[in-house]
Amino acid sequence: MRIPQSRGPVSAALLELLKTSPTAAETDLATTLRELTAAALGETADILQNDDLQTALFLAYELRYSGLRGVDDDWEWHPEVLALCAGIELEFEKALRERAPMPELPAPGVESVAAALFELTGSDTGPSVSRYMAKKATDEQAHEFLILRSIYQLKEADPHSWAIPRLRSRAKAALVEIQADEYGGGRFDRMHSELFARTMRGVGLDATNGHYVDVVPAITLASSNMMTMFGSHRRLRGAIAGHLAAFEMTSSQPNRLYGNGFRRLGYDKDVTFYFDEHVEADAVHEQIAARDLAGSLATDEPELLEDVFFGAASGLFVDGLAGTQQLDAWTAGTSTLRVADTASLPA
């Protein structure tokens, strides 16, 4: 991925450090990064909406995915990068645990956990971007919708795949079954990330991974970062399982509406196929995720029950914040993007 722009002193200091050799990291740069990170964490009022910290975390995490153009791969697990992540993650997780509304926990059984997850997702009162897209969105807003979604969808379902080696038994098998579908059953042209790229190209957008990182708001980066944080920590395996369950359980009907919205705007099946595919696929995935993944995990490891619901609640909460921000801007006739002219982005 091309290196995005910094959004403050922490992300700028990280980018300066990443320009150096990881085998002989500049001591002064590393010290500056640690000091700036500590200061920013102490001063921020809302880490979920903090552009600088979320950008820095996103940059550090991207080293674990496609990497950053011109950055040595040895930075991926470098102690200075890990220290940056650990500091931000501590406050990020704390904010989610304090703010995401938790439901009453059920008994740790397959059916009881699944029923509670369906109740949680079914009672979600977050803003309906999908209904707006189906009935009101302009073509410009439809493009913005895809730009915002591209930050995660172009790496769909990689953050959840971190959990595969961290699970055992029925939960592991269930996650592999879901992910196999997400990756197209072994066919590149059927991978959901590639289907989304096809949708973007179909409306004239750039489908290069990370092309639009510079224009999306902090909450969009936070949503992606949350998944990576949950997935890449073994102790949070319950949270990533719960997040995926809620993600799948709130996907089928919204995707039907998204597809309808793009059809209303005159786009053909090359653009709508991604959404149409998810109507059917996620109707199946939600059952597997609720019962065989989350329900089985909570049954086999009851100590993870609370984290399963923490992950689900956090996903709904952060996506609710992002949706509210999006709809507030749209109804006011403005945009959530940080620059109006996305065509002027660097190649």
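Everything that follows concerns the structure shown earlier in this document.
Conventions and cut-offs
Residues numbered from 1 in each chain as written. Predicted model: local features only at pLDDT ≥ 70, side-chain atom pairs only at ≥ 80, totals over all residues. Heavy atoms only, no water. Helix = DSSP H or I, 4+ residues; strand = E, 2+ residues; numbered from the N terminus. Rg over C-alpha atoms; globule rule 2.2 N^0.38 Å. Buried < 20%, exposed > 50% of the residue type's maximum accessible area, 1.4 Å probe, protein only. Core = buried A, V, L, I, M, F, W, Y, C linked by side-chain atoms within 4.5 Å. Salt bridge = Lys/Arg side-chain N within 4 Å of Asp/Glu carboxyl O. Contact = heavy atoms within 4.5 Å. Polar contact = N/O pair within 3.5 Å; in protein donor to acceptor, adjacent residues only side chain to side chain.

Student: What's the story with the overall build of the protein in this structure? I'm lost.
Tutor: Across its full length, the protein holds 15 helices and 0 strands. Rg of the C-alpha trace for the protein: 20 Å, near the compact-globule value of 20 Å for 347 residues, within the 12% margin. For the protein, the spread of C-alpha atoms along the principal axes amounts to about 55 × 50 × 40 Å. Classification of the 347 residues of the protein by burial places 56% in the buried group.

Student: What exactly am I supposed to notice about the nonpolar core here?
Tutor: Side chains of nonpolar character tend, in soluble globular proteins, to be buried together. If you look at the biggest cluster of nonpolar residues, it comprises 106 residues, and the most contacted ones within it are F92, L96, M133, F145, F230 and F262. Take this core: its biggest share by element is 12 residues, from helix α15 (residues 305-331).

Student: Help me understand the pattern of salt bridges in this model?
Tutor: Should their charged atoms come close, side chains of opposite charge can pair. By the definition in use, this model includes 18 salt bridges. Ionic pairing is found between D46 and R99, a salt bridge with its closest N-O pair at 2.8 Å. Of the two residues, D46 sits in the loop between α2 (27-43) and α3 (51-62) while R99 sits in helix α4 (residues 79-99), which places them 53 residues apart along the sequence. Taking relative accessible area as the criterion, D46 reaches 22% and is therefore assigned partly exposed. With its nearest N and O atoms 2.7 Å apart, the salt bridge here joins R201 to E194. Taken together, the shared-partner salt bridges connect E93, R97, R235 and D307 into one network.

Student: How do you make sense of the environment of T121 when you look at a structure like this?
Tutor: With respect to the helices and strands, T121 occurs in helix α5 (residues 110-122). Using a relative accessible area of 11% as the deciding quantity, one classes T121 as buried. When the C-alpha atoms of T121 and F247 are compared, they prove to be 9.0 Å apart, with 126 residues separating the residues in sequence. Excluding its chain neighbours within four sequence positions, the residues that come into contact with T121 are A246, M249, T250 and L316. Here F118 takes part through its backbone oxygen, which lies 3.3 Å from a polar atom of the side chain of T121.

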